Structure formats: structure tokens, C-alpha cells
Amino acid sequence: MHLVVETTYLSHYLSSHTSVLCSPQWDAITEMDEHNRPIHTFQVCHVMEPNQNNWLRTNWIPRQAAQKIYVELRFTLRDCNSIPWVSGTCKETFNLLYFETDEPQGANAHFHPNDYAKIDTIAADESFTQTDLGDRVLRLNTEVREVGPIARKGFYLAFQDVGACIALVSVRVYYKKCPSTLRNLAAFPDTVPRVDSSSLVEVRGACVENAEERDTPRLYCGADGDWLVPLGRCVCSIGYEENDNLCIEQCGRRILPGFYKAFAGNIKCSKCPPHSSSHTEGSAQCHCEKSYYRTSKDPPTMSCTRLPSSPRNLVFNINETALFLEWTPPSDTGGRKDVTYNVFCFRCGADGQACEPCNSNVRFIPRSTGLTSTSVVVQDFVVHANYTFQIEALNGVSGLGRSERQLANITVSTEQAGPSLVGVVRKDWASQTSIALSWQETEQPHAAILDYEIKYYEKEQEQLSYSSTRTKSPSVIVTGLNPSTVYVFHVRARTIAGYSSYSPKFEFATGDESKLPFPGLKTYIDPDTYEDPSQAVHEFAKEIDPSRIRIERVIGAGEFGEVCSGWLRIPGKKEIPVAIKTLKGGYTERQRRDFLRESSIMGQFDNPNIIRLEGVVTKSRPVMIVVEYMENGSLDSFLRKHDGQFTVIQLVGMLRGIASGMMYLSDIGYVHRDLAARNILVDDNLVCKVSDFGLSRVLEDDPEAAYTTTGGKIPIRWTAPEAIAYRKFSSASDAWSYGIVMWEVMSYGERPYWEMSNQDVILSIEEGYRLPAPMGCPVALHQLMLLCWQKERSRRPQFNDVVSFLDKLICNPSSLLTLVEDVNSFPESPEDMPDYPLFISIGDWLDSIKMSQYKNNFIAAGYTTLDSISTMSIDDVRRIGVSLIGHQRRIVSSIQALRLQFLHVQQNGFHV
Ligand code: ACK
């Protein structure tokens, strides 16, 4: 609300123009208020005479911007009742009138009452009254009237008295407007509302200095002079911030060095992000430190970043047609996630000098630039040539700091005819199925030999197919060979620079004299034969610097301490995953020796189906044994976890692996003594490897091992009768255990002999009872199990027989189609089953398999003789009320076993 004419101002108009009053009856009187200040008033009081018409007029009031004007009158009006003798003539109202003109009338102009339009008749709410004491009490009235729209440039106001007693104290004339204002960083000018009070005036604001428009700022001016509905806004420009509706160049009072304001917006200045700074005030951006950059796409809020360091651990692997380059990401990615790699190829002269970029024939898969993975395959390179490859790691700022680029280099010789690092290859010994070789390492001035590859084939077959194996030491026992057969061997070494060329070819034959290793030949050496067992550890296990081991998590508990998984860094190679067995603190010297004993056994083995020893830590604490990591852990729990999920061929593949590992062990004269699924480990390709070595130690450690009457601790269910009875452990007793492992595998980790007590197991075996085939087990496999469980140990198959037999099954999968369930031949009479207990009744039979609780079910369903159950299927068993799936299985397996007893006794030997 805006006042145009203050009271005093109007008083001035009124008082200075009394001369223009048409009627002299209005008197200008100055009185004093209670504070002794003068009050100018105009008074009229001709209440005694009739027909009064007294006018008081203002000076000309310019309209200015007003369309509608407001007139506020403050006056007193005397109550006619309070005046004696005036009835009839005394009035209690007066009239307010106005007259519009474009300019003031001349001083001499005549006053024409008719020019004036009436605004309203004004009456009093209050009037003079007499107090009891006779004082006159002033009751002041305030009345406001609106006039408009006014179209001319100005107007006069007039007061017409028709016979009242009035004192006009003040007249305020004003109009309303929305006052200029700042809102949302925009300035809005004074705005006069519309006369029509229901419609608003839309006003566009102008952004204040150093602000910019985001959304057109608008306000609406309402009839009462109030701003309504703010819309849109301005924001402070870059480098400015809002302070009390203005944009000021500031962080506080200004942008300090080290701070910046990157965006226009009503945000505060920020501290420079890492690796950047601002040195001037009012920065819109912080500048990157030396060697740090920002791409055009990086927001100013992001840290400055730098070029990545060079890729690490660049290695190669080469075969006849392809060269594999592999590396690990840079240790410093420069603070960015957009790391890619470029490969540069150079072909060099013989001395590794005079390199030129490779020609376009050399192909890179998937490509040579912009690689996101850390490997590339190189093809179509020239053989007998030297190449240098450079791998560059790049990130988004590499283009900004070219001079700082770092590369990893590797030199590769595709020279297959280079000097052989392997001299003469000798045969140390041969058995029917194995040949032990050793050779001399030639002096190797440039790089250490990482390992050797031995390639061999049957001479007669002349390279139709060949096999290969690897070893770290300059000796190997090649196993799984055919008896009395000549083989061709050649060996090459691998260094960090790749393979050397092959040694000359050497021919050696497998033996035919004996199945046992020849006396005096290189075989497994029992570490107990060393006077000082730690010497055996030194001899067979590599000492690892613990800084190369990175332990990740605990995966289990061994008797000596925790078993962990982790990583082992091997110089020039990628980290490999490992399992780490630790020896917990506070051990005795004997415990330390027993713990490390396993490593001096394992370190002698080199076979893909035997868990590989990477090395030991004995020179610092904790003492550790580091072995290859087997992703799927131990076989028994692995199978239980995946019950029913593998094909028979997959299961046979696992069994083949175990048999192959055992063949290797038996070939070098090592007896395991604790072969069981819990001691087999499985990798992520389902390759099974034999583990847990250490003879007596293992048996002490094995929760399955129980003390026998002869004092030893033996895992009864897995152990051959002669080993239980008089500790006759041999590869043949390992073969019995292997049969049990077969049964564990085919039943997905079922416990052999279920809940029978150890004593009952020993007795049942003694009486000729054998585990029935698990459900879904091919006949051929159960037959093999039964052969492993022959009482007479010389009749059990040897591991090379087992491997060959399983190989044949794998090559001829139809041989696995006949399941035990499908074999219906059943012994005609008990005499046909001499090695087996003779179950006289259903009750005896159910007792023997610990299923006595179902006797009534069988009898109630009419099954009273062994003959009558022979054709029962699992559905039949379920139907008679055996609802637990484990019990159904056990009963059906046993029925199948009864059928097989007959088959079994027909087998006296095993020929593959
Ligand atoms: O059944 P698991 O997972 O497999 O639990 C045991 C646990 O450590 C205690 O022996 C696991 N384990 C042992 N050696 C290895 C290995 N070389 N790789 C992976 N797991 C292993 C075993």
C-alpha cells in the first residue's frame, strides 16, 4: 500500500486553498492535542439554520499512476441529540464528491457543484458526547472510500455539508501498488494493480547483476498491492554466489585461492578436488597439478587424474600358431576407471636390436588397440624371428600427457630351432607301464628354467598321437604306458623367454619282466629314512619367501592349524591361487616335523592327479605348506552338495583321474593307506587329485580312523581286511580303498555301509558281504568295485588296469548303459552265492541292512520270501510304505546287490 498524500500534505492542500472554498462556513482551526502539538482541522457547525450547503474543496491532486484511489477521512461529527433545540435542522452526515480534470482550474475559475460526482454520504460511527463531568470527549471516526477508475490526469475532492457539526481532522488520498522488489534474484518494478480486483497483473522480473535467467522470473500483482505466485528464477553466474538476494563475487566475501565455483547456480564455492588448486580469487575451475589432467568430459568437481603406470607381469606363451601375451593391470590406474591397453609390435634383428614396427600380416585377436582385457593373442607372426611387444596402459587423460606414457616390454623369440637347453635324456628305470627319465640342465646364462615339457609317443604309432607332461625338476616318471612298448621322448625347457627347442629324440621301452618297480630304481623315498627329517623337507620342497604369499580367507581347519586360500606370486608369472596349510603357534618340535612331513612326501610327486606342492615356509612363522588350490574342495562333500547332478561319464571321468593318480603313486612305490573321497580334492574342471599324504600322520588325523586290535588307527570302512587284520598295507590294499571311493562317487557321497558299526562292517566283510551297487550305477562299475573288494589281494586289479578299463568305458559309453537295476538274473539257490551271507528270511535280510522297522510293511504287502522281493522296484518299495528316500535307496540297492551276488561269484579274474 503506497501513500501518495500524507495527512499533513493534504492539510496543506486544504489549508492553502481555503480561498477557493465556495462557502465560507467551513473554518480552518488549529487546536493543540494532548501533547501540545497543533492539529489543523476544518470545522463547520450550522445546525440551527435550515437548508445548509457548505462546500470545502481540495486543491487539484495529480493522479500519478493511480487508476483507483482511496480516500481516508478522519473526522468528528456531533450527535444532534446532544444539542438542544436543533431538531429538524441538525444533520449527522456529509457528502464526499470528486471532479476529474486534466489540469488544475485557474485561480479565478468558478466553482460548479454540478461538476462534482458524489462518492458517498459519510456518516459517523461515533459522535461528540458530553461526559458526566461535562467534558467534551472527542470520538474520532475513520472512513475510507474508493474512487475509480480515474481517467484524467488529476482530480479535486469536495466535502458538502448540509447542516451537520463536523470537524475534519485529516484526509489521506492514496492509491495501492505492488512495490518494487527483489525475488529469486530478479528485480520487479513498482506495479499498479488492475481496477478490476479479480484479475492479476503479470510482471516479468529482470535478473539482478551477475545472475542469469533459469526460468523466466515472474510475479503477479494483486489488487491489494501484494505480490503473488512467484514463478521462475535467476541463478548466480559462475564465480558468484547468492547473498541476500544479490549475486556477489564470493566464497564468503570472495572466492579464495584453493576454492572454486564451477557452475552457475545458487551453490556455495567448493574446495578444489584432489590434485588441483586455484591460485586466483573468483575461480570457476581449479587447475590440475603437474602431471595431472582433466579431460573435457570430466566435470570440474572430479579429481584431476594422471596417466596409468605401466602394465605389470607381462608374460607370453607360445605354440606353433599363436602367441599369447598376458599382463596384469597397472598398479596405479591414475585414479580413473577407463583403463585400456594398446599393443605395439616390433620385429627385431638377431641381437634384439634394429627393431622395426611389425608389418600388417601380424594379427591381434581381438585387436591391438583399445583392449579392455589384459590379454591378446598374436597370430601370423614369422617363425625364427625376434619380436618385441610393448603394452601400453591408457586412460582418459593419456592424450594429455604423452611424454609420461609408460610401457611394459617383452621380447619373444619365435625361434624354435634355438639352442636346446636340455642335453642327453637318460632312462633311470622302467616298469611295465612307467619310464623314469632324467637329464642334464645345460648352463643357462640368460633366464632360469621354469619347467620342462616332455613329449612322447609310441614309436610304432610314429607321431599319430602324442602325449606330454611337465615337470619342474630335470627328471620325470612317465606313467600310463603300455608294457613292452618302445616310446620316443624329447624334452624342451621353458624359460621366461619361452620354450627352448627340443632335445634330440630318445627311444626307451617299457619293461615286461615284472610288475613291480625294479630294485634299486628311483622310487619314492620315505622321509622317515632321513636321519634329520627337515633335510627331507629341504630336499623335496621349495622354500617360499612369505612375502610372495597373500592369504585371503580361512577355508577349513586341519589338525595342525587353519587351512586358508590365497595367492602365490611366482616371478614372471601371474599370481596363482593356492591353499595354505598353517601350523598353529605353540607347537612342539614333533608336531612341526609331522606337519612338514607331508610336504616332503608331496614334493616328490609330479602328476596331474596328485595335489601339487608349491612349496613351504619354514624359515619364518607361521610355518606353512602351500599347495595348488582346488576350487571345489574335497570330493565327498562336493558330491553330497551336487547329489544326482552329474552324468555317469562325468563320474567315471572323476574316477579315472583318481585311478590315474593312484597308478602314479603305485608305480613309484608309494602306498597311500587312507584313500577315501574325503582325501580327494576337486578343481573347477572336475579334475580329481589325490591328497593327504603322510601315512601314520594322516591316520592319526583322520576322524574315520579307529584303533584296531593290533593297535593301529585305521579307517575301517575304507581298508582292506588284511590291512585291518595285520597291517598289511600295499598298493593292493589301496585298490580295495579305491573300490570304496568308487562306491562313494557313484552314490554321491553316501557313507559306506551306512550306519553299520565298524565291528559289523568287519564281520560282514569277513562273511562275504559287499556293498551293493548304488542306484543308477552301471553294472560294469559295480563289477569293478567287487573286483577291488576281492578277499584275495593278488586278485584285485592294479591301478593301471583300472585306468585302462575306465578309459575303455569312456571311449565306449554304451557299455555304461546297463544299470544294475536292469539285471534281473537272480541266484537260483543259496549255494550259488558262496561268498555271501545267506539270508534265510525277509526279516534276516532287513536286519542285515538295518531296516528291521519295515518287516511288517513287507509281510503285510505279501512279500515273504527273498525270491518275491527280487523284482521290486523303487516304486514298489515306496508303495509298501517306505517313505524316506534314503531308506528306499538302501532297500533297493540291497535288492540289486542280492541279484548281483550271483553274477559276482562267476567272476574269478578281470580282463580288459
Ligand atoms: O571340503 P573342503 O572345502 O576342502 O574343506 C576342507 C578344508 O580345506 C580342510 O581341509 C579344504 N582344502 C584342503 N586342501 C585344499 C586345496 N588344496 N584346495 C582347496 N581346498 C582345500 C578341504
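Residues numbered from 1 in each chain as written. Predicted model: local features only at pLDDT ≥ 70, side-chain atom pairs only at ≥ 80, totals over all residues. Heavy atoms only, no water.

## Regarding the overall build of the chain
Helix and strand content of the chain: 16 helices and 50 strands. The burial tally for the chain puts 48% of its 912 residues in the buried class. Contacts spanning at least 24 positions in sequence make up 64% of the contacts within the chain whose residues lie at least 6 apart. (Helix = DSSP H or I, 4+ residues; strand = E, 2+ residues; numbered from the N terminus. Buried < 20%, exposed > 50% of the residue type's maximum accessible area, 1.4 Å probe, protein only. Contact = heavy atoms within 4.5 Å.)

## Here's the deal with the UniProt feature "active site" (unreviewed entry) in the chain
Mapped onto the present numbering, the UniProt feature "active site" (unreviewed entry) falls on Asp674. Within the secondary structure, Asp674 is located in the loop between helix 5 (648–667) and strand 47 (680–682). (UniProt positions renumbered as here; feature names shortened; annotations may be inferred.)

## Description of the layout of surface pockets
Roughly 1000 Å³ of volume is contained in the largest pocket. Those elements that place two or more of their residues in the lining of the largest pocket are strand 26 (312–318), strand 27 (322–328), strand 36 (449–458), strand 37 (467–471), strand 39 (486–495) and strand 44 (576–582). Classifying every residue of the lining of the largest pocket gives 14 nonpolar, six polar and 13 charged. (1 Å grid on protein atoms, 1.4 Å probe; cavity = no way out; pocket = protein on both sides within 12 Å on 5 of 7 lines; lining within 4 Å. Points joined across faces, edges and corners; volume = space filled by probe spheres on them. Nonpolar A, V, L, I, M, F, W, Y, C, P; charged D, E, K, R; others polar.)

## So, the environment of Thr121
As for its position among the elements, Thr121 is in strand 8 (residues 117–123). Every residue in contact with Thr121, bar those within four places of it in the chain, is listed here: Thr93, Phe94, Asn95 and Arg145. A polar contact is formed between the side chain of Thr121 and the side chain of Asn95, at a distance of 3.2 Å. One polar contact links Thr121 to Lys118, side chain to side chain, over a distance of 2.6 Å. (Polar contact = N/O pair within 3.5 Å; in protein donor to acceptor, adjacent residues only side chain to side chain.)

## Some remarks on the site of the ligand
All residues adjacent to the ligand are Ile555, Gly556, Val563, Ala579, Val627, Glu628, Tyr629, Met630, Gly633, Ser634, Ser637 and Leu681. One of the backbone nitrogen or oxygen atoms of Glu628 is found 2.9 Å away from a nitrogen atom of the ligand. Protein burial of the ligand: of its 450 Å² of free accessible surface, 75% is covered by the chains. For the shell around the ligand, the per-class residue count stands at seven nonpolar, four polar and one charged. (Near = heavy atom within 4 Å. Areas by Shrake-Rupley, 256 points an atom, 1.4 Å probe, with all protein chains shown as cover.)

## Some thoughts on unusual backbone geometry
Put simply, Ile365 and Pro366 share a cis peptide bond, and its omega is 5 degrees. You can see Pro366 is positioned in the loop between strand 30 (363–365) and strand 31 (375–379). Look at the link from Arg621 to Pro622: it is a cis peptide, with omega at -5 degrees. Here Pro622 lies in the loop between strand 45 (613–617) and strand 46 (624–628). With a phi close to 55 degrees, Gln64 is a non-glycine residue in the positive phi region.

## Side note on the sheet that holds strand 44
In spatial order, the strands read 42-43-44-46-45; together these five strands make up an open sheet with antiparallel pairing. Each having just a single partner strand, strand 42 (549–557) and strand 45 make up the two edges of the open sheet. Averaged over all neighbouring strand pairs, the angle between strand axes comes to 25 degrees, with direction disregarded. When strand 44 meets strand 46, the two strands line up antiparallel, connected through five bridges. Each residue of the ladder has a partner; that of Val578, found in strand 46, is Glu628. (Pairing = 2+ DSSP bridges. Axes fitted to C-alpha atoms, helices over the stretch in contact; angles between N-to-C directions.)

## Examining the nonpolar core
One finds Leu635, Ile658, Tyr738, Leu806 and Phe858 to be the most contacted residues of the largest nonpolar core, which totals 99 residues. Among the elements that make up this core, the one with the highest residue count is helix 5 (ten residues). Once residues within four sequence positions are removed from consideration, Tyr738 is found in contact with Leu655, Arg656, Ile658, Ala659, Leu675, Cys788, Phe799, Val802 and Leu806. (Core = buried A, V, L, I, M, F, W, Y, C linked by side-chain atoms within 4.5 Å.)

## Side note on the environment of Ser237
Note on placement: Ser237 falls in the loop between strand 19 (227–236) and strand 20 (241–243). Judged by its relative accessible area of 14%, Ser237 falls in the buried class. Here the alpha-carbon distance between Ser237 and Ala211, two residues 26 residues apart in the chain, equals 5.0 Å. A distance of 2.9 Å separates polar atoms of two side chains, one belonging to Ser237 and the other to Glu212.

## Considerations on the state of the cysteines
Counted according to the given criterion, the structure contains nine disulfides. In this model Cys178 forms its disulfide with Cys221; the gap between the sulfur atoms is 1.9 Å. Residues Cys178 and Cys221 are joined through a disulfide that is right-handed, its torsion about the S-S bond being 95 degrees. Separated by 43 residues along the polypeptide, Cys178 in the loop between strand 13 (165–175) and strand 14 (181–183) and Cys221 in strand 18 (residues 211–221) bring together distant segments of the chain. Looking at Cys178, the relative accessible area reads 0%, which means it is buried. Two residues share a disulfide in this structure: Cys236 and Cys247, whose sulfurs sit 2.1 Å from each other. Taking the sign of the torsion about the S-S bond as the criterion, the disulfide between Cys236 and Cys247, at about -90 degrees, is left-handed. Pair noted here: Cys236 is in strand 19 and Cys247 is in strand 21 (residues 246–248), with a separation of eleven residues, a long-range link. (Disulfide = S-S within 2.5 Å.)

## Some details on the confidence of the model for the chain
When pLDDT is averaged along the chain, the result is 81; 83% of the residues meet or exceed 70. The model gives residues 1–22 a pLDDT under 50, and that stretch makes 48 contacts with residues more than four places away or in other chains. In this model residues 513–517 is a low-confidence stretch, pLDDT under 50, and it forms six contacts with partners more than four residues away in sequence or in other chains. (pLDDT = per-residue confidence, 0-100.)

## So, the sheet that holds strand 30
The antiparallel open sheet is built from four strands, whose spatial order is 26-27-31-30. Lying at the two open borders of the sheet, with one neighbouring strand each, are strand 26 and strand 30. The sheet shows a mean angle of 20 degrees between the axes of neighbouring strands, taken without regard to direction. As defined by bridge partners, strand 30 adjoins strand 31 across three bridges and the pair is classed as antiparallel. Across the sheet, residue Ile365 finds its bridge partner in strand 31, namely Val377.

## Comments concerning the packing of aromatic side chains
Evaluated as defined, the whole model comprises 27 aromatic pairs. Consider the rings of Phe188 and Trp227, whose centres lie 6.0 Å apart with planes at 50 degrees: the pair is tilted. Of the two residues, Phe188 sits in strand 15 (residues 186–188) while Trp227 sits in strand 19, which places them 39 residues apart along the sequence. Of the two residues, Phe188 and Trp227, neither departs from the other in class, the shared state being buried. Members of the aromatic cluster, joined through ring pairs, are Trp55, Phe99, Phe111, Tyr116 and Tyr156. The lysine or arginine in question, Arg678, covers the ring of Trp718, its NZ or CZ lying 4.1 Å from the ring centre. (Phe/Tyr/Trp six-rings, centres within 6.5 Å; stacked < 30°, edge-to-face > 60°. Lys NZ or Arg CZ within 6 Å of the ring centre and 35° of its normal.)

## Quick look at the pairing of strand 42
Sheet topology places strand 42 next to strand 43 (residues 562–568); seven bridges connect them, and they run antiparallel. Looking at the pairing, Arg553 lines up with Ser565 of strand 43. Counting the residues that bridge the hairpin from strand 42 to strand 43 gives four residues, and of these Gly561 lies at a positive phi of roughly 160 degrees.

## Here we look at the pairing of strand 18
Bridging between strand 16 (residues 201–204) and strand 18 involves four bridges; their strand directions are antiparallel. Bridge pairing in strand 18 places Val203 opposite Leu219. As paired elements, strand 18 and strand 19 share seven bridges and run antiparallel to each other. Bridging from a neighbouring strand, Tyr220 pairs with Leu228 of strand 19. The hairpin formed by strand 18 and strand 19 contains five residues between the paired strands, and Gly225 there has a positive phi angle of roughly 85 degrees.

## Quick notes on the side chain of Gln160
The residue Gln160 is located in strand 12 (residues 154–161) in this model. The class for Gln160 is buried, based on a relative accessible area of 15%. Side-chain polar atoms of Gln160 contact the side chain of Asn53, separated by 2.8 Å. In contact with Gln160, not counting residues within four places along its chain, are Asn53, Asn54, Trp55, Phe94, Asn95 and Leu97.

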